[in-house]
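Reading the structure
This is what each chain is made of:
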Amino acid sequence: MATMADVARSAGVSVATVSHVLNDTRPVLPRTRQAVLDAIDELGYTPNTLARSLVTSRTRSIGLAVSAISNPYFTEILQGVEARAREHGYGLLIADPHDDPEHERHVVRLLHERRVDGVIVAPSADPGGLLALLARHRVPTVFLDRLVSPEPAIRQGLRTGAHTRDAHTAHEHTAGAPAREGQTPDAPTPHEHTADAPGSDEHAGGSFHFDQVCAENTEPMARLVAHLAGLGHRRIGLVAGLPGFSTTSERISGYRHGLAAAGLPHDERLVVHGDSAAEGARRATAALLSRAAPPTALVTANNAMTIGALRSLRDHRLSVPGDLALVCFDDFAWADLFSPRLTAIAQPSREIGAEAVRLLLERLEAPDRPCRTVRLPCTFVHRTSCGCPDTHSEKGTVS
């Protein structure tokens, strides 16, 4: 079996130079780098990753824990994570927590035991125990899609002595303004906030810092409601997600803002929870349709619930948009193939995944840097399920 010394002799360089090429620890002249790579290929040399990790304390691997990997939204996030990680020479270990707090702690613990350098997690609705685990082991962490406040962790998972200050006070806005209406930028312009008071964990004997990245939720949801109100709808229903997710609360808030901006009252009877799943949304939509005064338009708060709502409408033999207008938060690849074509808010899912890797790698390089929350703008995709004429899709950035 070839060794690093064999590679060095074949390439005519020192062992240290081979190490620098393998680990990207120092710039190497292109011709020298190529000579080393050629020698590696010729000799069939395989680096001993475990031995290298014992020396460097790094495995160049990232743990990713997201539920519903089959969901196109999370699949695209995964693709964004994998592409950016690969670009920086990192491998990926993937686990599905199934949105179950106990299983979430279990799979993240397994990822940590496999010596990943850090983790990227889409947290469950009850992440207190997860926060306690991450803080206790001081695992570099980025939360994506769903934001986490340290406050629940203080009350739940960190009661044994750990303490976490609010990492979301004294935010500083550091990013540029979003693109103007009607523009579709090549890459979303992030809104980045830096916390002046990063979280700390006394039980772990040091600071626990985590960063977060997600899409904008409130204003894009308000835009959907405003669009329906502008078409004359006065009873607009909402199929909201699982209670406890930040995405759920923020999109409900956006729904209420949209109603208020249009001068419409908020009727609690028009808001149901589909629990972020197709079957839950099917039942929730059926409950809305059974109201004495059902909605004339419906907003679904994620792509899985859009499918469930459409199934319920089919069960009731109602057409879209003839009997009920429908718009959705979350675009997906086949939304343009439905009849009618779905008017939707498109999230920058791949960019969210790539941004999570960027934040994690920067955290690894500077463990004590202030915590950051990055929000990426969404895109309003105007099609026909809202009841508008069938024209080519129109897109505009919403932040």
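So, here's what we can say about the structure.

The end-to-end C-alpha distance of helix 6 (residues 101–113) is 18 Å, a good match for the 18 Å that 13 residues give at a rise of 1.5 Å each. Taken as a whole, helix 6 has its buried residues at Glu104, Val107, Val108 and Leu111. Projected down its long axis, helix 6 carries its buried residues within an arc of 100°, all on one side. On the buried face of helix 6, the contacting elements are strand 1 (61–65), strand 2 (91–95), strand 3 (118–121) and helix 7 (128–137). Where helix 6 terminates, the next one or two residues include Arg115, which has phi positive at roughly 65°.

This next bit is on the pairing of strand 10 (residues 297–300). A two-sided burial pattern is seen for strand 10, the buried positions comprising Ala297 and Val299 on one face and Leu298 and Thr300 on the other. Alignment of strand 8 (residues 236–240) against strand 10, held across four bridges, turns out to be parallel. Note on strand 10: the bridge partner recorded for Val239 is Thr300. Where strand 10 lies against strand 11 (residues 325–329), four bridges are found, and the strand directions are parallel.

Note that side chains of opposite charge can pair when their charged atoms are close. For the structure shown, the criterion picks out 18 salt bridges. A salt bridge links Glu362 to Arg358; the shortest N-O distance between them is 3.0 Å. Of this pair, Glu362 and Arg358 both sit in helix 13 (residues 349–365), four residues apart, which is roughly one turn of that helix. Of the residues examined, Arg358 reaches a relative accessible area of 23% and is grouped as partly exposed. Each member of the salt-bridge network shares a partner with another, and the members are Glu279, Arg282, Arg283, Arg314 and Asp315.

This paragraph deals with the nonpolar core. One recurring pattern in soluble globular proteins is that nonpolar side chains are buried together. If you look at the biggest cluster of nonpolar residues, it comprises 69 residues, and the most contacted ones within it are Ile120, Leu144, Ile236, Tyr255 and Val299. Considering every element that reaches this core, the biggest residue donor is helix 13, with seven residues. Non-local contacts of Ile120, meaning those with residues more than four positions away in its chain, are made with Ile62, Gly63, Leu64, Ala65, Val81, Val142, Leu144, Ala356, Val357 and Leu360. If you look at the next biggest cluster of nonpolar residues, it comprises 16 residues, including Val116, Val121, Leu133 and Val148.

So, on to the packing of aromatic side chains. Applying the stated rule across the entire model yields three aromatic pairs. For the pair Phe143 and Phe210, a centre-to-centre distance of 5.2 Å together with 75° between the ring planes defines the contact as edge-to-face. A residue pair is termed long-range when its members are at least 10 positions apart, and Phe143 in strand 4 (residues 141–144) and Phe210 in strand 7 (residues 210–215) qualify at 67 residues. Owing to a relative accessible area of 3%, Phe210 belongs among the buried residues under this scheme. Looking at Arg223, its charged tip hangs above the ring of Phe380, at a distance of 3.9 Å from the centre. Positioned above the aromatic ring of Phe329, the side-chain terminus of Arg251 is 4.0 Å from the ring centre.

Looking now at the side chain of Ser349. Residue position: Ser349 is located in helix 13. Taking relative accessible area as the criterion, Ser349 reaches 4% and is therefore assigned buried. If sequence neighbours within four positions are ignored, Ser349 has contacts with Tyr73, Glu76 and Ile77.

Time to look at the packing of helix 1 (residues 4–11) against helix 2 (residues 15–23). Pairs of packed helices are described in terms of their axes, by the angle between the two and the distance that separates them. Their axes nearest at 8 Å, the elements helix 1 and helix 2 cross at an angle of 105°. Of the possible angle classes, the one that applies to helix 1 and helix 2 is roughly perpendicular. Residue-level contacts link Met4, Ala5, Val7 and Ala8 of helix 1 to Val15, Val18, Ser19 and Leu22 of helix 2. Here the contact of helix 1 with helix 2 is composed, by residue class, of seven nonpolar, one polar and no charged.

Below, the discussion takes up the packing of helix 11 (residues 278–289) against helix 12 (residues 303–315). The N-to-C vectors of helix 11 and helix 12 enclose an angle of 45°; their axes lie 7 Å apart at closest approach. By the criterion of interaxial angle, the relationship of helix 11 to helix 12 is oblique. When you trace helix 11 past helix 12, the crossing you get is right-handed. Residues Ala278, Ala281, Arg282, Thr285, Ala286 and Leu289 of helix 11 form the contact with helix 12, whose participating residues are Ala304, Met305, Gly308, Ala309, Arg311, Ser312, Leu313 and Asp315. Residue composition of the contact of helix 11 with helix 12, by class: eight nonpolar, three polar and three charged.

Rules used in this analysis
Residues numbered from 1 in each chain as written. Predicted model: local features only at pLDDT ≥ 70, side-chain atom pairs only at ≥ 80, totals over all residues. Heavy atoms only, no water. Helix = DSSP H or I, 4+ residues; strand = E, 2+ residues; numbered from the N terminus. Expected span 1.5 Å × (residues − 1). Buried < 20%, exposed > 50% of the residue type's maximum accessible area, 1.4 Å probe, protein only. Arc of directions from axis to C-beta. Contact = heavy atoms within 4.5 Å. Pairing = 2+ DSSP bridges. Salt bridge = Lys/Arg side-chain N within 4 Å of Asp/Glu carboxyl O. Core = buried A, V, L, I, M, F, W, Y, C linked by side-chain atoms within 4.5 Å. Phe/Tyr/Trp six-rings, centres within 6.5 Å; stacked < 30°, edge-to-face > 60°. Lys NZ or Arg CZ within 6 Å of the ring centre and 35° of its normal. Axes fitted to C-alpha atoms, helices over the stretch in contact; angles between N-to-C directions. Parallel < 35°, antiparallel > 145°, perpendicular 65-115°, else oblique. Nonpolar A, V, L, I, M, F, W, Y, C, P; charged D, E, K, R; others polar. Left-handed = near helix turned anticlockwise from the far one by under 90°.

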